[in-house]
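Structural overview for review
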Amino acid sequence: MRGLSVLGGGVGGGGPQWGLEVIKAELKEGREFKLASLEEIPDEALVATPYLCSSLFLEEETSEILAQDSAIEYLKAFESLEEYGGRKFFAAFPGEIGGGTVAEALVLTARRGIPITDADPVGRSVPGLQHNIFCIKDVKMTPIAVASMRGDVIILNEVADDSRAETIIRTIAVINGNNIGMASHPLAGRVLKEAIIPRTLSQAQAI
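The following refers to the structure shown. Predicted model, so just to flag it, every value in this text is computed and none were measured.

Here's the deal with unusual backbone geometry
The amide bond that connects T142 to the next residue, P143, takes the cis arrangement and shows omega of -5 degrees. Counting through the fold element by element, P143 comes out in the loop between α6 (133-137) and β6 (144-147). Although it is not a glycine, H185 sits at a positive phi angle of roughly 50 degrees. Within the secondary structure, H185 sits in strand β8 (residues 179-188). The exposure class assigned to H185 is buried, which follows from its relative accessible area of 3%.

The following block contains the structure:
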C-alpha cells in the first residue's frame, strides 16, 4: 500500500491508510491475496476491473463513505457484469495505481478467490476514467456495470467514448451518495496482455 501511494502521487487513487485498513480486515477474516503475472492469464480467459467511483464530496462526508463496506457495491457490479456476459472472470486487474484503488481490487479478488494481475492500465493515479492506455490502444471499456448501495444496478452496453462514460458515471455517483461500485473493461487475456502496463504491483512492492 505504501509503495502504491508513492506511484500514485500520495493520495492519488486513495491514500494508503484506508487501503491498509481494508487489507488488514480481509486478512483478519482469513482471506488470501494472489498475485498473477500476465503470463499466468490464459489468452481465452476473461478479466475485468472493479473499483469505486466517487463524485466530489465534502471532507466531513469522507469518513462516513469509507466506513461503509463499499466492497458490496463493486462486488455486485463485478458479478452483474459476469451475469450480463454469461461467463465468470478468471482474474481482476486494478484500474489505476493507488493505495485505495488497488486495495479495492485486492478485496474483491480475495473474496472471490481469484488472482489480481500484476499490471494496470495507467502506472500511476489519474483523475478520469478515460485517462489510461486503453484509450490509446482503442480498447473499449464497455459493457460497464454500475451498482449503488441503494440496490441499483445499471448496465451500460455502449457509450460514445470513454469521456462520455466518465460524465455519465460521475452523474450516477452524484445521485447515489457520491459513491458507486463499478466493473468495466471485460477483456480476453490476449487483449489485456497487449494493452496494459506489466509488473506495476511488483514495482510498488519493490518500493
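This is not the end of the story, as more comes after the structure.
A few points about helix α4 (residues 71-85)
In this model, α4 (15 residues) spans 21 Å end to end at C-alpha, consistent with the 21 Å of a helix rising 1.5 Å per residue. Considered for burial, the residues of α4 that qualify are A71, E73, Y74, L75, A77, F78, S80, L81 and E82.

Things to note about the packing of aromatic side chains
Taken as a whole and assessed by the stated rule, the structure comprises 2 aromatic pairs. Judged by centre distance (5.9 Å) and plane angle (75 degrees), the ring pair of F93 and F134 falls under edge-to-face. On the criterion of sequence distance, the pair formed by F93 in the loop between β3 (91-92) and α5 (101-112) and F134 in helix α6 is long-range, its members being 41 residues apart. Judged by relative accessible area, F93 falls into the buried class, the value being 0%.

A word on the environment of N179
Position of N179 relative to the elements: it lies in strand β8. Take N179: its relative accessible area is 5%, and that puts it in the buried class. Considered as a pair, N179 and C53 are 126 residues apart in the sequence and their alpha carbons are 5.8 Å apart.

Side note on the packing of α4 against α5
Two packed helices can be described by the angle between their axes and the distance between those axes. Put simply, α4 and α5 touch, their axes get as near as 10 Å, and they point 65 degrees apart. With respect to the hand of their crossing, α4 and α5 are arranged in right-handed fashion. Contacts between α4 and α5 involve A71, Y74, L75, F78, E79 and E82 from the former and E104, V107, L108, R111 and R112 from the latter. A class-by-class count of the residues in the contact of α4 with α5 yields 6 nonpolar, no polar and 5 charged.

What to know about the pairing of β6
The alternating pattern of β6 places I144 and V146 on one face and A145 and A147 on the opposite face, and all of these are buried. In terms of strand pairing, β6 meets strand β7 (residues 153-156) through 4 bridges, oriented antiparallel. Across the sheet, residue A145 finds its bridge partner in β7, namely I155. Connecting β6 to the next strand, β7, in antiparallel fashion are 5 residues, including G151 with a positive phi near 100 degrees. Alignment of β6 against β8, held across 3 bridges, turns out to be antiparallel. Within β8, the residue paired with A147 across the bridge is G181.

Points about the side chain of T117
Relative to the helices and strands, T117 is located in strand β4 (residues 116-117). When near neighbours in sequence (up to four residues on either side) are disregarded, T117 contacts L35, A36, I41, A91, A92, F93, P94, L192 and L201.

As for the layout of surface pockets
Each pocket or cavity is described by its volume, and for the second largest pocket that value is around 260 Å³. In terms of lining, the second largest pocket is formed by 13 residues, of which the most central are M1, L4, L106, L201 and Q205. Looking at the lining of the second largest pocket, the elements with two or more residues in it are α1 (2-7), α5 and α9 (200-206). The element that contributes the greatest number of residues to the lining of the second largest pocket is α9, accounting for 3 residues.

Rules and cut-offs
- Residues numbered from 1 in each chain as written.
- Predicted model: local features only at pLDDT ≥ 70, side-chain atom pairs only at ≥ 80, totals over all residues.
- Heavy atoms only, no water.
- Helix = DSSP H or I, 4+ residues; strand = E, 2+ residues; numbered from the N terminus.
- Buried < 20%, exposed > 50% of the residue type's maximum accessible area, 1.4 Å probe, protein only.
- Expected span 1.5 Å × (residues − 1).
- Phe/Tyr/Trp six-rings, centres within 6.5 Å; stacked < 30°, edge-to-face > 60°.
- Axes fitted to C-alpha atoms, helices over the stretch in contact; angles between N-to-C directions.
- Left-handed = near helix turned anticlockwise from the far one by under 90°.
- Contact = heavy atoms within 4.5 Å.
- Nonpolar A, V, L, I, M, F, W, Y, C, P; charged D, E, K, R; others polar.
- Pairing = 2+ DSSP bridges.
- 1 Å grid on protein atoms, 1.4 Å probe; cavity = no way out; pocket = protein on both sides within 12 Å on 5 of 7 lines; lining within 4 Å.
- Points joined across faces, edges and corners; volume = space filled by probe spheres on them.

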